[in-house]
Amino acid sequence: TLLYTIKFELKQMVNDGMCSYKYTKIIKHVLNYKQEHRLLKYISFADTPVAERNELFLKKLQQCCIVFDFNAPEPDSKGIEQKRQTLNEIIEYIANNNGVLFEAVYPESIKMLQCNVVRCFPPNQEDDKEDFDNDEEEPNYDPSWPHLQLVYEYFLKFMESADFQPSLCKKYCDQKFVIQIMNLFNSEDPRERDLLKTMLHRIYGKFLGLRSFIRKNINYIFLRYIFEGEPCNGVAEFLEILGSIINGFAVPLKQEHRHFLLKVLIPLHKPRGIAAYHAQLAYCIVQFVEKDPSLTEPTVLGIMKLWPKTNSAKEVMLLGEMEEILDIIEPAQFKKIMLPLFKMLAKAVSSPQFQVAERALYFWNNEYIMSLIEEHSRVIMPIMFPALYLLSKDHWNQTIVALVYNVLKTFMEMNNQLFDELTLSYKADRQKERRKAALREEAWRKVQLRAIEASSNNHIGAG
């Protein structure tokens, strides 16, 4: 119909950035005005002859293109319920029947999805906030979710159907469609992002020609988020998709994939909102290191360059990620990074923030890491010993003191002779420091006395 065509064209204008959020709302209001007059009378598939069911299927898909305003003062409850019933019926129809996905269904299914889910989002008012307790905030749920959920479920059933033919769908599921779907990851509703994640992963698996394009666009979204500060609510979901993709990479890794790790994934440790996606990011990092051990050194050193100075919550997260990397590291690679790594751990252990110190000391509870430390004890113990010995004497938190004693005991059992040497050397160094401090204090005392004498002589001379 003409109204349907106008609606679709207006939605395309919105999708192409030709309409602002304000005018999008006006267009939506106009298109939904008295839309109940455009609804078809409900007819079930069971009451329709088999020969006419294909035509009825297309009509139902077209009817589901009607979008209802759930925020309206007086929403069309009858129309909303009828659309919900229709969506449930077409989901059941393609799930329980074979041979129902004929050629005309493909463009109508894509169009139905676009009409319902492709939309502009209001500006995010929380973009500049840094919050490591995001789980305590109530997410913004979309009021139209009862329909959106069913539309997404229909499209997933459509793509997972045994009758689905990518060769017929690729004409409509093109790069423009993929960009529209990826833009929806900025939705503030976590339920929608979760279904979008599944849908994009299905598209990646079904359409081989779109794989490189999807990866490049995820790179582009991440780079804008890192270096331009452009908000993106779907970073965690994109990383989950990438985690599955990375798992399937062939070895040896292509240069493109290595570049993605070093230039995109490692810089993702920089943004303030890392708490929202760190678990997924760490999983991707570990996948890369496990597939190509030669990436261990640039990965660890790259993360250490971005190590936080005053953000203890972020430091705790990165320490956890480092332990995950060490848990799968090869001994030859460990040798390359142990010096800078344990210098950083010595600083972390000495942190006045007890959670940071505690997380760093937990490294000694890992059996594999302990075996690596024992193998290189003559290098690692001299780095860690001064910080540990000092903490054992004067740290304010008794839990940390107990953990430090356990580590020192482990070192003693590991190499008793070296432990005694380090103890004597540390005490000798402390004595030297005390003597230097005493000499420095004595020198300053003499300077003060001379200054007082000079001042007295000046007063006498003036008198």
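What counts as what
- Residues numbered from 1 in each chain as written.
- Predicted model: local features only at pLDDT ≥ 70, side-chain atom pairs only at ≥ 80, totals over all residues.
- Heavy atoms only, no water.
- Helix = DSSP H or I, 4+ residues; strand = E, 2+ residues; numbered from the N terminus.
- Buried < 20%, exposed > 50% of the residue type's maximum accessible area, 1.4 Å probe, protein only.
- Lys, Arg positive; Asp, Glu negative; His and termini not counted.
- Salt bridge = Lys/Arg side-chain N within 4 Å of Asp/Glu carboxyl O.
- Contact = heavy atoms within 4.5 Å.
- Core = buried A, V, L, I, M, F, W, Y, C linked by side-chain atoms within 4.5 Å.
- Expected span 1.5 Å × (residues − 1).
- Bend = angle between axes of the 7 residues up to and from the residue.
- Axes fitted to C-alpha atoms, helices over the stretch in contact; angles between N-to-C directions.
- Left-handed = near helix turned anticlockwise from the far one by under 90°.
- Nonpolar A, V, L, I, M, F, W, Y, C, P; charged D, E, K, R; others polar.
- Phe/Tyr/Trp six-rings, centres within 6.5 Å; stacked < 30°, edge-to-face > 60°.
- Lys NZ or Arg CZ within 6 Å of the ring centre and 35° of its normal.

Caption draft 1: Representation of the side chain of lysine 83 within the structure. Along the chain, lysine 83 turns up in helix α4 (residues 77-96). For the buried lysine 83, no salt bridge is present, and the opposite-charge side chain at shortest range is aspartate 76, 11 Å distant. Not counting the four nearest positions on each side in its chain, lysine 83 is found in contact with Cys64, Ile66, Val67, Phe68, Asn116 and His147.

Caption draft 2: Focus on the nonpolar core. Membership of the largest hydrophobic core comes to 133 residues, with the highest contact counts inside it found for Phe158, Leu265 and Phe342. When neighbours within four sequence positions are excluded, phenylalanine 158 is seen to be in contact with Ile94, Leu101, Val105, Tyr106, Ser109, Phe164 and Cys169.

Caption draft 3: Examining the pattern of salt bridges more closely. Under the definition given, this model contains 16 salt bridges. Glutamate 55 is paired through a salt bridge with lysine 59; the nearest N and O atoms lie 3.6 Å apart. With a gap of 4 residues between them, glutamate 55 and lysine 59 both fall in helix α3 (residues 53-63), about one helical turn apart. The partly exposed category is assigned to lysine 59, whose relative accessible area is 39%. Several salt bridges converge on common partners, so that one network encompasses Arg119, Asp142 and Glu192.

Caption draft 4: Fine view of helix α19 (residues 377-394). The end-to-end C-alpha separation of α19 is 25 Å, in line with the 26 Å expected for 18 residues at 1.5 Å each. Remark: the principal bend of α19, roughly 40°, maps to phenylalanine 385, with a proline, proline 386, within the next four residues. What α19 keeps buried is the set Ser377, Ile380, Met381, Ile383, Met384, Phe385, Ala387, Leu388, Tyr389, Leu391 and Ser392.

Caption draft 5: Main features of the environment of leucine 326. Following the sequence through the fold, leucine 326 ends up in helix α15 (residues 312-327). Look at leucine 326 and you get buried, because its relative accessible area is 2%. When the C-alpha positions of leucine 326 and threonine 296 are compared, they lie 9.3 Å apart, and in sequence the two are 30 residues distant. Discounting residues that sit within four places of it in the chain, leucine 326 has contacts with Phe334, Ile337, Leu341, Phe363, Tyr368, Ile369 and Leu372.

Caption draft 6: Region of the structure containing the packing of helix α12 (residues 255-265) against helix α13 (residues 278-291). Running from N to C, α12 and α13 point in directions that differ by 145°, and their axes come no closer than 11 Å. Of the two possible hands of crossing, α12 and α13 adopt the one that is left-handed. Judged by residue contacts, His257, Phe260, Leu261 and Leu265 of α12 engage Leu281, Cys284, Ile285 and Phe288 from α13. Class assignment of the residues belonging to the contact of α12 with α13 gives a composition of 7 nonpolar, 1 polar and no charged.

Caption draft 7: Up close: the packing of aromatic side chains. Inspection of the entire model under this criterion finds 23 aromatic pairs. Each member of the aromatic cluster is reached from another via a ring pair, and the members are Tyr106, Tyr154, Phe155, Phe158, Phe164, Phe177 and Phe207. The ring of phenylalanine 45 is capped by lysine 60, whose NZ or CZ atom sits 5.5 Å from the centre of that ring.

Caption draft 8: Up close: unusual backbone geometry. In this model, valine 251 is joined to proline 252 through a cis peptide bond whose omega is 0°. Along the chain, proline 252 falls in the loop between α11 (235-247) and α12.

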